[in-house]
Amino acid sequence: MEMPAPDVKIMAKKAKLVERLQSVLPLDAVIHDEFETRAYECDALTAYKCPPLCAVLPSSTQEVSAVLKICHEEGVPVVPRGSGTSLAGGALPTADSVILGVAKLNDVIETSYEDRYIKVQTGRTNLSVTGAVEENDFFYAPDPSSQLACAIAGNIAMNSGGAHCLKYGVTTNNLLGVTMVQMDGTVVEIGGAHLDSGGYDLLGLICGSEGQMGVVTEATLRILRKPEGARPVLMGFDDNEVAGACVADIIKAGVLPVAIEFMDRPVIRATEAFAGAGYPDCEALLIVEVEGSPGEIDEQLSKILEIARRHNPVELRESTSAEESAKIWLGRKSAFGAMGQINDYMCLDGTIPVSELPYVLKRIGELSKQYGLDVGNVFHAGDGNMHPLILFDANKEGDLELCEAMGADILRLCVEVGGCLTGEHGVGIEKRDLMFDQFKPEDMEAQMKVKDVFDPKWLLNPAKVFPLSVTETRRAG
Amino acid sequence: MMTPDSEAALAEAVAGAKGPLRIQGGGTRPIGQAEGEVLSTAGLSGIELYEPGALTLVVRAGTPVAVIEAALAKENQRLPFDPMDHRALLGTKGEPTIGGVVATNASGPRRIQAGACRDSLIGVRYVDGQGAVIKNGGRVMKNVTGYDLVKLLAGSYGTLGVLTEVGFKVLPGIEATATLVLNGLDVTRAVDAMSKALGSPFEISAAAHFPETGQTTLRLEGFEASVTYRMAQLRALLDGFGDMEELHGDASRDLWTATRDVTHFAGAQGDLWRISVKPSDAPDVVKHLPDGARLSLDWGGGMIWVVAPKGADIRAALGGIAGHATCLRGSAPTFHPEPAPVAAISRGLREKFDPRGILNTGLMG
C-alpha cells in the first residue's frame, strides 16, 4: 500500500512545530521523541507502519482548536486517532504528519433519560458509554466487535456498525449532534439533542467521513432502554444456499431479529477447536437472536423455528438459560481469535445483497483454491455485511501481497453483484485503490468537492479514502 | 415546464438550462419560494428493483408514493418512516412522489423509533447543478464506502441536485396496532408521560399530544400477543396519569395517519410552523408561543406543529433553546437561520454542487 512521500520541508521544521504545539498544550501532551512516537506508528492494520512527526493528546475542544490552527498555519498534515483500532488503516500516519489523539477526552458531559441522550467527549470508549447509563437500564446501541477498546471518535469517523444493527442501525442512526473542530481551528456545533436538522444534514455527512472533515471532540448520542430480555437460537445446515434461503424467509415472515449471524464450515471448525462451544460440524451455522419479554421471545422464536424446520436443519438448538445463550454466542464471539490461532489473517468487510449470498460464497471458495489461501466466512447475514477472513503467513515472502490480491478480488466480487467495498470498517488506506471499482470518476469528484469545503488545503487525514492518483493535485495545493 | 422521461434527458435539461430551475415531484409540498422554470421528475417513474427477502427497494424519483406503498403491501412490507402526506395540511392537489419525500426528508410519527427518511435511505442517483449524473450509496443497507452523500441529499430540498433514483431499506408489515389514549393532561404532564413511556422497554412507536382535545396518544405495534402484553404493562407504568382508553385496529391506524398528516390543522387560518426541539424543552417553547397560537406535539414532544397569528415571530419563542423552526406558510423566512460557521459550510457545499446557482434558488438558507 503506497503512501505519499513525506514533505522534507515539513520534516525540517519539526523543532519549530513542536515548540509551537508545546506553547498551547501541557508538555507531556506533545510526544516528539523518536522512540515514543512509535506507539502511534500504526492502528489495527498492523501490516503498515510509519511513526509520525509527533503526536499530540489535547484535553479539550479549545486545545484541539489551538493545535489544528497551528498545523493549518504551518501546512502540516494531521491524522486524527481514536483508540487506534481501525482495521482499514484509518489512523496510519505519514512521517510528516501530526497524530491528534483524543484519548484524554473521555468525560461524560451530560445525560438525560427523559430525552434519551448522552453527551460525551469522543475519546470515550464505545462500551463505556453504555457503562455510564446501564445502571438505569439504558444502553448505546452500536456495538462493533472492538467495543471494549474503540473510541466514539473512531465510531463516528467510520460510521461503525455491529452485530445488532439490523434492528438498531449503525452509528449515523444513533448520532444526534457533534462539536467539531475544522482544520483551521473553527469550532462548529452541528445538531443537538433534537431529532432533525434545520438545514443540510451535515451530521450525516460528517459521520463516516474518516476524519477528513474535522476532528469531532464531543458527541450527543441516542440511548435506548434495554429490552426486557434477549435469547438466541442456533441452527446448523448442510448447505450454504439453504441457510441463505432460511435467512430470507425469516425476514419475509415479518419477524425482525436483532441479530442474524452466519458462520461457514472453516470458521465453525476453527472455533470448535479454539473455544469448544459445542457447535455441530456442518456447512453453515446461523445464530438468530430476538428480544422482548419472555412471552414475546417465545412467540418470535416459535415462528423462527418453524421456518428453520422447513429447511431441514441438521441441528436446531434453542437456548433455555443465560448459560446456554452464552454458549451459543461463545463460538461466534471467539471466531476472530480462533482464526488468528491458525495463522495471520486479513479481515474483509464487503457488503452484498443477501440474495447473492450462495453465489458469493461459492466464488470465494473458488478464489481460495485459485490463490491457495484458506478463507473462513463469518458475518452479519441479515444485512449482507460479509467478513471473509483470509489466512496467510506474514513471515512468508510474498504471502501478504498474495492475500491482498485475493482480498481485492473478493471485494470486486462484492461490488459486481451489487454490493460495496466496506460495510462498517471504512476505506482507510486498505480499500483506497479499489474505489475505482465502485465509483465513476465523477462520483468520486462529487465526494472530494465536499472535502474541499471542509478542508480546502487537504491537510486532514489526506492520504485516505480516495486513490492517491485522484487526490494528488488537491494534496499538493 | 419540462418533464424529461429519462435520467439522461433530465441531465441534459439541467446542463442546458439558461436560468433558475424549480424542481418538482408531484408539487404537493410547496414549501418556501423557489423561482424559475419548473423541472418535473414525474416522467421518471417506476420500481427498479424490489427484493423482499433482502428488505431493499430501489425506485425512480418520480414514482408516486402510493405506487410504492401498494407494491410493498403486496409483500406485507412497508417504508419504515411513515412519510407525511402534506396535501391536507397545505391544501394542495396532485400525487406525492418519493423524490419529494426524500428532498424534504418527510418523516412521520415513527421517527422516534424507526428514524427519519434519511435513516432508511441507502442510495441515491442525482443530477448536479452542472448536469452531471452522480451515484452515491447503493442497494445494500450497510455501506460506508466513501462519503455519505445520501444523507446530504435527503432534506436538501432539491438545492444540491435533482434526485433521479432513490433506494431504501424497508421493513416487514405490522400484524397488530393499538393506541393508549391518556385524557386531560396539560403539555408538561403529557411530555412527562410520553418520556416515561419512551424510556420503557415496551417499544412505543409513536407518541403525540393534542392540547385542543387534551389527548395524549401512545402507539404499540407488533404481533398481537405482544401488543396485548405491552398494553397492560404500559397502563401499569402510567397509572396516575389520568383517565385512559384504548384504540385498536383501524381506529388506531386512522388516528396515526391523521397525526402523520396533521389533518387537525387542515384549513386552519394563520401562519404554519414546525418546531424541532428536545422533548423536555417543549413545555417551555409552548409557554412562549403568542396568544391565539394553536399547537400539537409529535415525536414525544420533540416536534411541535403551530398555527400562529399572521406575522407572529415564532422563532422568538425558542429563545435560547437549541433546535429550529421551519415556517411552512407565512411571511417569515422558511428555513431557520444557521450560525455563521455552519452557514459557511452550507453555502460552500451549495456552491460546489450547483456552481451556477440555478437549482431551487430561494430555498434553504
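Residues numbered from 1 in each chain as written. Chains lettered and ligands numbered in written order. Predicted model: local features only at pLDDT ≥ 70, side-chain atom pairs only at ≥ 80, totals over all residues.

Identification of chain B as Glycolate oxidase FAD binding subunit from Litoreibacter halocynthiae is taken from an unreviewed UniProt entry.

Chain A appears in an unreviewed UniProt entry as Glycolate oxidase from Litoreibacter halocynthiae. Annotation of chain A in UniProt includes, under Cofactor (unreviewed entry), the sentence "FAD". (UniProt positions renumbered as here; feature names shortened; annotations may be inferred.)

A. Structural detail: the overall build of chain B. Along its length, chain B carries 13 helices and 17 strands. Taking 21 Å as the expected radius of gyration for a compact globule of 365 residues, we find that chain B reaches 21 Å, a close match to that expectation. Each principal axis of the C-alpha atoms in chain B carries an extent, and together these give about 65 × 50 × 35 Å. Among the 365 residues that make up chain B, the fraction classed as buried is 56%. Long-range contacts, defined here as pairs at least 24 residues apart, represent 72% of the contacts in chain B between residues at least 6 apart. (Helix = DSSP H or I, 4+ residues; strand = E, 2+ residues; numbered from the N terminus. Rg over C-alpha atoms; globule rule 2.2 N^0.38 Å. Buried ≥ 20, exposed ≤ 12 C-beta atoms within 10 Å, placed from the backbone. Contact = placed C-beta atoms within 7 Å.)

B. Structural view of the overall build of chain A. Of the regular secondary structure elements, chain A holds 17 helices and 18 strands. A compact globule built from 477 residues would reach a C-alpha radius of gyration of about 23 Å, and chain A, at 23 Å, matches this within 12%. Projected onto its principal axes, the C-alpha coordinates of chain A cover approximately 70 × 55 × 40 Å. With 477 residues in all, chain A has 56% of them scored as buried. Considering only contacts within chain A whose residues lie at least 6 apart along the sequence, 72% involve residues at least 24 apart.

C. Representation of the nonpolar core. Among the nonpolar cores identified, the biggest contains 204 residues, and Ile206(A), Leu221(A), Leu286(A) and Ile390(A) are the most heavily contacted of them. Setting aside chain neighbours within four positions, we find Ile206(A) in contact with Val178(A), Met180(A), Ile190(A), Met213(A), Gly214(A) and Val216(A). (Core = buried A, V, L, I, M, F, W, Y, C linked by C-beta atoms within 7 Å.)

D. Main features of the sheet that holds strand β8 (residues 175-181) of chain A. All names here are of chain A. What the five strands build is an open sheet, ordered β5-β6-β10-β8-β9; its pairing is antiparallel. Only two strands of the sheet have a single neighbouring strand rather than two, namely β5 (108-112) and β9 (187-191). The sheet shows a mean angle of 10 degrees between the axes of neighbouring strands, taken without regard to direction. Pairing geometry for strand β6 (residues 117-121) and strand β10 (residues 215-222), over five bridges, is antiparallel. (Pairing = 2+ DSSP bridges. Axes fitted to C-alpha atoms, helices over the stretch in contact; angles between N-to-C directions.)

E. Main features of the domain arrangement of chain A. All names here are of chain A. On domain assignment, one finds that chain A holds domain 1 (8-103), domain 2 (108-225), domain 3 (230-336) and domain 4 (343-434). A straight line from the C-alpha centre of domain 1 to that of domain 4 covers 31 Å. Listed as interface residues are nine residues of domain 1 and, on the opposing side, nine residues of domain 4. Split into classes, the residues belonging to the side of domain 1 that touches domain 4 amount to six nonpolar, three polar and no charged. (Domains from an automatic or database assignment. Nonpolar A, V, L, I, M, F, W, Y, C, P; charged D, E, K, R; others polar.)

F. Region of interest: the pairing of β6(A). Residue and element names in this part refer to chain A. By the criterion of burial, β6 is predominantly enclosed, with five of the five residues buried. Neither face of β6 is open: one carries Tyr117, Lys119 and Gln121, the other Ile118 and Val120, and all of them are buried. Relative to β6, β5 runs antiparallel, the two being bridged by four bridges. The partner of Ser112 across the bridge, within β6, is Tyr117. Hairpin geometry of β5 and β6 is characterised by an intervening segment of four residues between the two adjacent antiparallel strands and by a positive phi of about 60 degrees at Arg116.

G. Layout of the sheet that holds strand β3 (residues 78-81) of chain A. All names here are of chain A. The strand order across the open sheet built from four strands is β1-β2-β4-β3, with neighbouring strands paired in mixed fashion. The outermost strands of the open sheet, each flanked by one partner alone, are β1 (30-31) and β3. Of the strand pairs in this sheet, strand β2 (residues 54-56) and strand β4 (residues 98-101) are connected by three bridges, and their pairing is parallel. Following the sheet pairing, Cys54 is matched in β4 by Val98. Against the sheet, helix α3 (residues 61-74) contacts β2, β3 and β4, and its axis sits at roughly 165 degrees relative to β4.

H. Just helix α13 (residues 340-353) of chain B, in detail. All names here are of chain B. Under the 1.5 Å per step criterion, the end-to-end length of α13 is 20 Å for 14 residues, consistent within 8% with the ideal 20 Å. Here α13 has its buried residues at Ile345, Ser346, Leu349, Arg350 and Phe353. Across the axial projection of α13, the buried residues extend over an arc of 130 degrees, all falling on one side. (Expected span 1.5 Å × (residues − 1). Arc of directions from axis to C-beta.)

I. Quick peek at unusual backbone geometry. The phi dihedral of Val465(A) is positive, around 70 degrees, even though this residue is not glycine. Here Val465(A) is to be found in the loop between α16 (441-454) and α17 (468-476). Although it is not a glycine, Trp299(B) sits at a positive phi angle of roughly 55 degrees. On the secondary structure map, Trp299(B) appears in the loop between β15 (294-298) and β16 (303-308).

J. Expanded view of the confidence of the model for chain B. For chain B, the average pLDDT comes to 96, and 100% of its residues sit at 70 or higher. Predicted as a complex, the structure gets a pTM of 0.97 and an ipTM equal to 0.97. (pLDDT = per-residue confidence, 0-100.)

K. Local environment of the domain arrangement of chain B. Residues and elements named next belong to chain B. By domain assignment, chain B separates into domain 1 (7-172) and domain 2 (176-261). Summarising the inter-unit geometry, the C-alpha centres of domain 1 and domain 2 are found 31 Å apart. Contact residues are listed per partner, giving ten residues for domain 1 and nine residues for domain 2. Within the residue set of the side of domain 1 that touches domain 2, elements represented by two or more residues are α3 (87-90) and α5 (111-114). Residues of the side of domain 1 that touches domain 2, tallied by class, amount to five nonpolar, two polar and three charged.

L. Fine view of the environment of Pro109(B). All names here are of chain B. Positionally, Pro109 belongs in the loop between α4 (98-103) and α5. What makes Pro109 buried here is the crowd of 25 C-beta atoms within 10 Å. C-alpha separation for the pair Pro109 and Thr259, spaced 150 residues apart in sequence, amounts to 7.4 Å. Setting aside residues no more than four positions away along its own chain, Pro109 makes contact with Asp82, Ala206, Ala208, Trp256, Thr259, Arg260 and Asp298.

M. How the structure looks around the UniProt feature "domain: FAD-binding PCMH-type" (unreviewed entry) in chain B. According to UniProt, the positions carrying the feature "domain: FAD-binding PCMH-type" (unreviewed entry) are residues 1-173 of chain B. Its end C-alpha atoms 38 Å apart, residues 1-173 of chain B is made of 24% helix and 24% strand.

N. Quick look at the interface of chain A and chain B. Opposite the 75 residues of chain A that make contact, chain B presents 71 residues. Among the secondary structure elements, those contributing two or more residues to the side of chain A that touches chain B are β9, α7 (202-206), α8 (240-252), α10 (294-310), α15 (435-438) and α16 of chain A. Of all the elements, α16(A) adds the most residues to the side of chain A that touches chain B, at nine residues. Of the residues contributing to the side of chain A that touches chain B, the split by class is 29 nonpolar, 29 polar and 17 charged.

O. Focus on helix α2 (residues 65-74) of chain B. Residue and element names in this part refer to chain B. Where α2 is concerned, the buried positions are Val65, Ile68 and Leu72. On an axial view of α2, the arc spanned by its buried residues comes to 65 degrees, and they lie on one face. Turned more than 90 degrees away from the buried face of α2 sit Ala66, Ala70, Ala73 and Lys74, all of them exposed. Packing partners of the buried residues in α2 comprise β4 (56-60), β5 (77-78) and α4.

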